[in-house]
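Chain by chain, the residues run as shown.
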Amino acid sequence: MKVVEVTHPLVQHKIGLLRAADISTRQFRQLATELGSLLTYEATKDLPTERVSIAAWSGSCDIEQIQGKKVTVVPILRAGLGMLDGVLDLIPSARISVVGIYRDEETLQPVPYFQKLAPEIAQRLAIIIDPMLATGGSMIATIDLLKKQGCQHIKALVLVAAPEGIRALAAAHPDIELYTAAVDQGLNEKGYILPGLGDAGDKLFGTK
Ligand SMILES: O=P(O)(O)OC[C@H]1O[C@H](OP(=O)(O)OP(=O)(O)O)[C@H](O)[C@@H]1O
Ligand SMILES: O=c1cc[nH]c(=O)[nH]1
Ligand SMILES: [Mg+2]
């Protein structure tokens, strides 16, 4: 599996700010949005372009355009929504496929509860967004679901990844690409990433 840890100084700076214990809900949302944009920029680096001729102010001009590649952005509820505006800032016409999965607090197993996917999803590049890749269970379940619908081209964008989650994801879906702002030390006994961000969903939604 291709794993890209984005080392750009802006990404490193912002992920550092996101770790502060006393961060406000507003700041957390702002940074998650900005990091969503920066990871999107990195993950779309290889989108194919084509040369087309347009009428410019000075006459005919050849420009590069992204080839008719269809994209769907797939936020995993809830926390994935925190990155969505940042992704859409760069890909404003992307269709959105919402997947609801929560992690059972005791078993750490993913529990699916909602899905509403974009039309023609099998022909689209799917960009999954979720701030946290911990055990990897939620991401693996989402990719299982997308592949069942025929998706073949999948990229996952996360803010923080645990090595345990990366290993599990690579074993289950070696063909996908993972972009992360940080690879952290590992999981604690409750399945939280260390040093991590805490509960990203609660921080984004102000539920704790
Ligand atoms: O890799 P995993 O071990 O599956 O853990 C990661 C998942 O846990 C969090 O969601 P959570 O279950 O807290 O739901 P929420 O976004 O609604 O808070 C997070 O946003 C991921 O979806
Ligand atoms: O550290 C973690 C692990 C799972 N989900 C979170 O929100 N944080
Ligand atoms: Mg949560």
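Residues numbered from 1 in each chain as written. Chains lettered and ligands numbered in written order. Predicted model: local features only at pLDDT ≥ 70, side-chain atom pairs only at ≥ 80, totals over all residues. Heavy atoms only, no water.

An unreviewed UniProt entry annotates the protein as Uracil phosphoribosyltransferase originating from Alishewanella tabrizica. Its UniProt record, at the heading Catalytic activity (unreviewed entry), says of the protein: "UMP + diphosphate = 5-phospho-alpha-D-ribose 1-diphosphate + uracil". UniProt, in its Sequence similarities (unreviewed entry) section for the protein, records the words "Belongs to the UPRTase family." (UniProt positions renumbered as here; feature names shortened; annotations may be inferred.)

1. A closer look at the site of ligand 1
Inspection of the region around ligand 1 gives 15 residues, with Arg 103, Asp 130, Thr 135, Gly 136 and Ser 138 positioned closest. At 2.6 Å, a side-chain N or O of Thr 135 approaches an oxygen atom of ligand 1. Gly 136 is positioned with one of its backbone polar atoms (N or O) 2.8 Å from an oxygen atom of ligand 1. The fraction of the free accessible surface of ligand 1 (500 Å²) that becomes covered by protein chains is 90%. At the level of elements, strand S6 (98-103), strand S9 (132-133) and helix H4 (137-148) are the ones that each hand at least two residues to the shell around ligand 1. Per-class residue counts for the shell around ligand 1 are six nonpolar, five polar and four charged. (Near = heavy atom within 4 Å. Polar contact = N/O pair within 3.5 Å; in protein donor to acceptor, adjacent residues only side chain to side chain. Areas by Shrake-Rupley, 256 points an atom, 1.4 Å probe, with all protein chains shown as cover. Helix = DSSP H or I, 4+ residues; strand = E, 2+ residues; numbered from the N terminus. Nonpolar A, V, L, I, M, F, W, Y, C, P; charged D, E, K, R; others polar.)

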